[in-house]
Amino acid sequence: EAWPNMMKLQLILGMSSMLPEQASTYAPEVDSLYLFLVALTIFFTVLITGGIFYLFVKYKRRSETEIPPHIHGSILLESTWSIIPFLISIFIFAWSVKIYLDQYTIPQDANDIYVVAKQWMWKFQHLEGQREINELHIPAGRPIKVTISSEDVIHSLYFPSFRTKIDAIPGRYTELWFEADKKGT
């Protein structure tokens, strides 16, 4: 949806092999934001580096006795280089908040799975009674709500293909949801 040309950018940058497979409904949005940030970083790195070298050559002192002219500030220039990054930052913030809210607003019809982490083990409990250890099986195309806690120390449950991660904290319940959109392991 957002930034449909990001797939072209992904191919141009050759980053498709660097990212895990997209296997959840919001993985493409997370990847689009990530690739936008990478492209923006590359663009401004090249722009600033090129500007530095251009100014280095243009304003190189020709002789030791040369005194450069005094340059007065430009309100328009200073406002421009302050306002443009501010607007870019607001855009990135708004896009990030949208993705964050999508990821942390749990659908009402989500299937519940309870997870307990302990050293060297993950225990998964489905509401239907099915229990699993260190392996989780979920249906594709249905939202899954994971409620997680830890018995001993902080653990992190991470599904790279879903672009989601949650920490299991002792004595505290945390929640996350995802929806697998394809079969896989």
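Treat the numbers as computed from the prediction; the structure is a model and nothing was measured. (Residues numbered from 1 in each chain as written. Predicted model: local features only at pLDDT ≥ 70, side-chain atom pairs only at ≥ 80, totals over all residues. Heavy atoms only, no water.)

Okay, the overall build of the chain next. A count of helical and extended segments in the chain gives three helices and seven strands. A compact globule built from 185 residues would reach a C-alpha radius of gyration of about 16 Å, whereas the chain, at 24 Å, exceeds it by more than 25%. Counting only C-alpha atoms, the chain reaches 85 × 35 × 30 Å along its principal axes. Scored against the burial criterion, the 185 residues of the chain give a buried share of 29%. Entry remark: accessible area of the chain is about 13,200 Å², with carbon and sulfur atoms responsible for 64%. Considering the chain, the positive charge centre built from 16 side chains and the negative charge centre built from 19 side chains are found 6 Å apart. (Helix = DSSP H or I, 4+ residues; strand = E, 2+ residues; numbered from the N terminus. Rg over C-alpha atoms; globule rule 2.2 N^0.38 Å. Buried < 20%, exposed > 50% of the residue type's maximum accessible area, 1.4 Å probe, protein only. Areas by Shrake-Rupley, 256 points an atom, 1.4 Å probe, with all protein chains shown as cover. Lys, Arg positive; Asp, Glu negative; His and termini not counted. Charge placed at Lys NZ, Arg CZ, Asp CG, Glu CD.)

What follows covers the nonpolar core. Of all hydrophobic cores here, the largest spans 19 residues; its most connected members are Val-115, Trp-122, Val-146, Ile-148, Leu-157 and Phe-178. Put simply, the parts of the chain that give this core at least two residues each are strand S1 (111-118), strand S2 (121-126), strand S4 (143-150), strand S5 (155-159), strand S6 (164-168) and strand S7 (174-179). Excluding residues that lie within four positions of it along the chain, Trp-122 makes contacts with Val-115, Val-116, Ala-117, Glu-132, Ile-133, Asn-134, Ile-148, His-155, Ser-156 and Leu-157. The next biggest cluster of nonpolar side chains, apart from the first, holds six residues, and it includes Leu-33, Phe-36, Trp-95 and Ile-99. (Core = buried A, V, L, I, M, F, W, Y, C linked by side-chain atoms within 4.5 Å. Contact = heavy atoms within 4.5 Å.)

Mapped onto the fold, Val-38 is located in helix H2 (residues 27-58). Judged by its relative accessible area of 18%, Val-38 falls in the buried class.

Here the focus is the pattern of salt bridges. Counting across every chain of the model gives eight salt bridges. Among the ionic pairs, Lys-182 bridges to Glu-21, the shortest N-O distance being 3.5 Å. Of this pair, Lys-182 sits in the segment after S7 while Glu-21 sits in the loop between helix H1 (6-13) and H2, placing them 161 residues apart in sequence. For Asp-167, the salt bridge goes to Lys-165, with nearest N and O atoms at 2.8 Å. (Salt bridge = Lys/Arg side-chain N within 4 Å of Asp/Glu carboxyl O.)

Taken residue by residue, the chain gives an average pLDDT of 87. The fraction at 70 or more is 91%. Mean pLDDT values for the elements of the chain range from 52 in H1 up to 94 in S4. (pLDDT = per-residue confidence, 0-100.)

Before going further, it helps to examine the pairing of S1. Sheet analysis places S1 next to S4, joined by seven bridges and oriented parallel. Within S4, the position partnered with Tyr-114 by the bridge is Thr-147. When S1 meets S2, the two strands line up antiparallel, connected through six bridges. Paired with Val-115 across the strands is Phe-124, a residue of S2. Between S1 and the antiparallel strand that follows it, S2, lie two residues; Trp-120 among them carries a positive phi value of about 70°. (Pairing = 2+ DSSP bridges.)

This part covers the packing of aromatic side chains. Inspection of every chain in the model, using the stated rule, returns nine aromatic pairs. Between Phe-162 and Phe-178, the aromatic rings sit 4.8 Å apart at their centres with planes inclined by 25°, giving stacked as the arrangement. Pair noted here: Phe-162 is in the loop between S5 and S6 and Phe-178 is in strand S7, with a separation of 16 residues, a long-range link. Given a relative accessible area of 12%, Phe-162 falls into the buried group. Following the ring pairs from residue to residue traces out a cluster consisting of Phe-36, Phe-91 and Trp-95. (Phe/Tyr/Trp six-rings, centres within 6.5 Å; stacked < 30°, edge-to-face > 60°.)

On to the side chain of Glu-29. Inspection of the secondary structure assignment puts Glu-29 in helix H2. With sequence-adjacent residues up to four places away left out, Glu-29 is seen in contact with Lys-98, Ile-99 and Asp-102.

A few words on the sheet that holds S2. In space, the five strands of this open sheet follow the order S3-S2-S1-S4-S7, with mixed pairing throughout. Every interior strand has two partners, whereas the edge strands, strand S3 (131-133) and S7, have only one. Taking each pair of neighbouring strands and ignoring which way they run, the sheet shows an average axis angle of 25°. (Axes fitted to C-alpha atoms, helices over the stretch in contact; angles between N-to-C directions.)

A few words now on the side chain of Asn-111. By secondary structure assignment, the location of Asn-111 is in strand S1. Excluding its chain neighbours within four sequence positions, the residues that come into contact with Asn-111 are Pro-139, Arg-142, Pro-143, Ile-144 and Lys-145.

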